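An overview of the molecular structure
Listed here are the chains, written in short residue letters.
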Amino acid sequence: STTITITITNHRLFAGDSIVIDFTSGSSADGTYIVSSVTNPNVFVVTAASGATTSGNVSITKTAAYKFICPEWSKEMSLPTLATISATFVEKFEP
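Everything in this summary refers to the structure shown in the same document. (Residues numbered from 1 in each chain as written. Predicted model: local features only at pLDDT ≥ 70, side-chain atom pairs only at ≥ 80, totals over all residues. Heavy atoms only, no water.)

Turning our attention to the environment of glycine 51. By the element assignment, glycine 51 lies in the loop between strand 4 (43–47) and strand 5 (58–62). Given the relative accessible area of 54%, glycine 51 is considered exposed. It is 4.6 Å that separates the C-alpha atoms of glycine 51 and threonine 2, two residues lying 49 residues apart in sequence. If sequence neighbours within four positions are ignored, glycine 51 has contacts with Ser1 and Thr2. (Helix = DSSP H or I, 4+ residues; strand = E, 2+ residues; numbered from the N terminus. Buried < 20%, exposed > 50% of the residue type's maximum accessible area, 1.4 Å probe, protein only. Contact = heavy atoms within 4.5 Å.)

Enumeration over the complete set of coordinates arrives at one aromatic pair. Geometrically, the ring pair formed by phenylalanine 23 and tyrosine 33 is edge-to-face, given 5.9 Å between the ring centres and 80° between the ring planes. Taken as a pair, phenylalanine 23 in strand 2 (residues 18–23) and tyrosine 33 in strand 3 (residues 31–40) lie far apart in primary sequence, 10 residues in all. Residue classification places phenylalanine 23 among the buried positions, given a relative accessible area of 8%. (Phe/Tyr/Trp six-rings, centres within 6.5 Å; stacked < 30°, edge-to-face > 60°.)

Attention now moves to the nonpolar core. Counting 11 residues, the largest nonpolar core consists of Ile4, Ile6, Leu13, Ile19, Ile21, Phe23, Tyr33, Val35, Phe44, Val46 and Ala48. When residues of this core are traced back to their parent elements, those giving at least two are strand 1 (3–7), strand 2, strand 3 and strand 4. Not counting residues within four places of it along the chain, the set of residues in contact with isoleucine 21 comprises Ile6, Asp30, Gly31, Tyr33, Val46, Val58, Ser59 and Ile60. (Core = buried A, V, L, I, M, F, W, Y, C linked by side-chain atoms within 4.5 Å.)

Further remarks concern the pairing of strand 1. Of the two faces of strand 1, only the one carrying Ile4 and Ile6 is buried; Thr3, Thr5 and Thr7 on the other face are not. Bridge count between strand 1 and strand 4: five bridges; the pairing is antiparallel. Pairing of threonine 7 across the sheet is with valine 43, part of strand 4. (Pairing = 2+ DSSP bridges.)

The next thing to look at is the sheet that holds strand 5. Here we have five strands laid out as an open sheet, ordered 1-4-3-2-5, and antiparallel in their pairing. What marks the edges here is a single partner per strand, and that holds for strand 1 and strand 5. Shown here is a sheet whose adjacent strand axes are inclined to one another by a mean of 40°, direction ignored. (Axes fitted to C-alpha atoms, helices over the stretch in contact; angles between N-to-C directions.)

Here we come to unusual backbone geometry. Excluding glycine, most residues fall at negative phi; most peptide bonds, likewise, are trans. Here the phi dihedral of asparagine 10 falls at roughly 50°; this positive angle occurs in a residue that is not glycine. In this model, arginine 12 sits at a positive phi of 60°, which is unusual for a non-glycine residue. Its relative accessible area of 44% is what places arginine 12 among the partly exposed residues.

Encoded structure:
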């Protein structure tokens, strides 16, 4: 299979992130991979160029700079000169 599922506690990755993977066992090739999907905060998936069998440990290095994004925000104007702004920022890793 070309699908590689990796479990790392609180990996903080997003689909589309570029990472370098060093496989310590199995037949997958070390190299730069793009995160295909994120299953949950501890599990993500990458796709290998060809079929591979890997079971064991990996070392992950993010290959881009951090960027903070704001996926949701709101602004309330209760008085003409005052504003209340609520925002939630998440750390996103982008090339």
